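# Summary of structural features
What follows is each chain in one-letter form.
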Amino acid sequence: MYGFKLRYVKKSVLLLAALIALILAWSDLSHAFFTLITVLAAILVGGGWLARNALAQTSEGDSRSARVATRPRRERKSRPRARRAEELHAEETVTLSEERDAAGIGDVFAALDNQLVGLVPVKSKVEEIASLLLVDRVRNRFGLQAPRPNLHMCFTGDPGTGKTTVALQMADLLSRLGYLEKGHLVHAMRDDLVGEFIGQTAPKTRRILERSMGGVLFIDEAYYLYRDGDSRDYGQECIDILLQVMENDRDKLVVILAGYKDRMDGFFESNPGMSSRIAHHLDFAPYKLDELVAIGRAMLDRSSYYLSAEAEVAFRDYLTLRMGQPRFANARSVRNELERSRLRHAHRLAAEPERSRTKDDLMRLEAVDILASPLFALAEPVPVVGEAAPRR
């Protein structure tokens, strides 16, 4: 309670006992004999202390060796799925289809086609990037060296147009081709990177970058990193760190900036250094009505639901109205309305608990489940079919 630890008390008692023993020995023994005993005791104590230190250093060295020995095993687990291909002689031949199958990138494009409706220009751009990396992979097998291509990208488009989905597949693609070690994706926004006070921004930014190493850092609404005219904003510090890492560690990390096209253009004008580090620009156009309906069908099919003929007509009418409303979010708005329709469908069936239901009853959404949306009561019908949603 007075601040003394138990081990200090023990040491004090031992020292006091040793001092009393020395005083008694000095008074009772001859001085020569006392000196001999003191020297022997000092040798024993010193030898014990040296042996204890040597044992501690040996144990520490063994534990360090054990940690070093186990480290390669963990590193092997985190290696990319793409195996290092064997080198080829100049007279040998190889087909790109064989190399494509060996890397397994066909699964990535199949996933893009299954998960995303339309977006033909985006898928074509992804195919071009994959082709460049695939050819570089074959060239390396022949011993033809070239600088690593710049893979930092910018995705522009309205919300709900598939930017995050494509970023996930891009991370998988780069991992399969051996350009990223892990192939994971870290999603970040301004609040994840920029602090509110002095000294907070650099640690937050570096923490996110460390998590992203070996994968893709996806910064959504990246233009919010920079606030022109705000002297108390620390976004520029984050941008400076990103610029340095994007240049020096581009073999370990791919950065994808995302947001509305016009705002991203303004962001690049204010930060030309960032613009020069972006190699690929992918623009995600708003979905048309037919594409939105197809997206809805695919979403329902994955959940074992479907629209009756009348319900599909009602769903088209709903989308026609919703596309003209503020904050329309393309595929996200489709998903939200279908989830509400499923809620109305379940409530409609539960309202008659004694009635027998078939499997088809549990899967089929009717027009009444769509027409119950408040949007039909609040908005006038807009005769727009097959046109893109206007930008708000």
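A short tour of the structure in this document, coming up. (Residues numbered from 1 in each chain as written. Predicted model: local features only at pLDDT ≥ 70, side-chain atom pairs only at ≥ 80, totals over all residues. Heavy atoms only, no water.)

### Considering the overall build of the protein chain
The following threshold applies: A run of DSSP states H or I qualifies as a helix once it reaches four residues; a run of E qualifies as a strand once it reaches two. Both are numbered from the N-terminal end. Partly exposed describes any residue whose relative accessible area lies between the buried limit of under 20% and the exposed limit of over 50%, with all areas from a 1.4 Å probe on protein chains only and scaled to the type maximum. It only takes one pair of heavy atoms within 4.5 Å for two residues to be counted as in contact. Per-residue and other accessible areas were derived by the Shrake-Rupley procedure at a 1.4 Å probe size, with only the shown protein chains allowed to occlude residues.
Assigned secondary structure in the protein chain consists of 17 helices and 7 strands. Counting only residues that meet the buried cut, the protein chain has 36% of its 392 residues in that class. Of the contacts formed within the protein chain by residues at least 6 apart in sequence, a portion of 77% connects residues at least 24 apart. Roughly 23,900 Å² of accessible area belongs to the protein chain as shown, and the carbon and sulfur atoms make up 56% of that amount.

### Considering the nonpolar core
Definition in use: Each nonpolar core is a collection of buried residues, namely Ala, Val, Leu, Ile, Met, Phe, Trp, Tyr and Cys, held together in the definition by side-chain atoms within 4.5 Å.
Counting 56 residues, the largest nonpolar core has F155 and L173 as the members making the most contacts within it. Look past the residues within four positions of L173 in its chain and what remains in contact with it is I105, V108, F109, V126 and A130. Counting 29 residues, the second largest nonpolar core, distinct from the first, contains C238, I241, L253 and M264.

### Some points on the packing of helix α4 (residues 106–115) against helix α6 (residues 163–176)
We apply this condition: Orientation is described by lines fitted to C-alpha atoms, with helices fitted over the stretch in contact, and by angles between N-to-C directions that extend from 0 to 180 degrees. For classification purposes, angles smaller than 35 degrees are called roughly parallel, those larger than 145 roughly antiparallel, those between 65 and 115 roughly perpendicular, and all remaining angles oblique. By the convention adopted, Pro, Cys, Tyr, Trp, Phe, Met, Ile, Leu, Val and Ala count as nonpolar, Lys, Arg, Asp and Glu as charged, and the other residues, Gly among them, as polar.
At a closest axis distance of 9 Å, the pairing of α4 and α6 adopts a crossing angle of 170°. The angle between α4 and α6 places the two elements in the roughly antiparallel class. Note on element contacts: α6 touches α4 through T165, V166, Q169, D172, L173 and R176, opposite D107, V108, F109, A111, L112 and Q115. Considering only residue class, the contact of α4 with α6 consists of 6 nonpolar, 3 polar and 3 charged.

### Comments concerning the side chain of S212
In this fold, S212 is placed in helix α8 (residues 201–212). Those residues within four positions of S212 in sequence are excluded, and the remaining contacts are H184, V186, L217 and L253.

### Details of the packing of α8 against helix α9 (residues 235–248)
Angle between the axes and distance between the axes: these two values describe a pair of packed helices. Here is the rule: Less than a right angle of anticlockwise turn of the near helix away from the far helix marks a crossing as left-handed, whereas a clockwise turn marks it as right-handed.
For the pair α8 and α9, the least separation of the axes is 9 Å and the interaxial angle reads 35°. The handedness of the crossing between α8 and α9 is right-handed. Two secondary-structure elements touch here, α8 through T201, A202, T205, R206 and L209 and α9 through E237, C238, I241, L242 and V245. In terms of residue class, the contact of α8 with α9 is made up of 6 nonpolar, 2 polar and 2 charged.

### Quick look at the pattern of salt bridges
Basically, it comes down to this: We define a salt bridge as a contact between a side-chain nitrogen of Lys or Arg and a carboxyl oxygen of Asp or Glu at a distance within 4 Å.
Enumeration over the complete set of coordinates arrives at 19 salt bridges. Across the pair E247 and R277 runs a salt bridge, and its minimum N-O distance is 3.9 Å. With E247 in helix α9 and R277 in the loop between α11 (272–276) and β5 (280–284), the pair connects residues that are 30 residues apart, well separated along the chain. The exposure class of E247 is partly exposed, given its relative accessible area of 38%.

### Quick notes on the packing of aromatic side chains
For any two aromatic rings, the description comes down to two numbers: the centre-to-centre distance and the angle of the planes. Quick reminder of the rule: Aromatic rings from Phe, Tyr and Trp, taking only the six-membered ring of Trp, are treated as a pair when their centres fall within 6.5 Å; an angle between ring planes under 30 degrees marks them as stacked, one over 60 as edge-to-face, and anything in between as tilted.
With the rule as written, the count across this model stands at 4 aromatic pairs. Centroid distance Y318 to F376: 6.3 Å. Interplanar angle 50°. Geometry classified as tilted. You can see Y318 sitting in helix α13 (residues 309–322) and its partner F376 sitting in helix α17 (residues 375–378), a full 58 residues away along the chain. The buried category is assigned to Y318, whose relative accessible area is 2%. F376 gets classed as partly exposed once you look at its relative accessible area, which sits at 25%.

Geometric descriptors of this kind do not, in isolation, establish any biological role.
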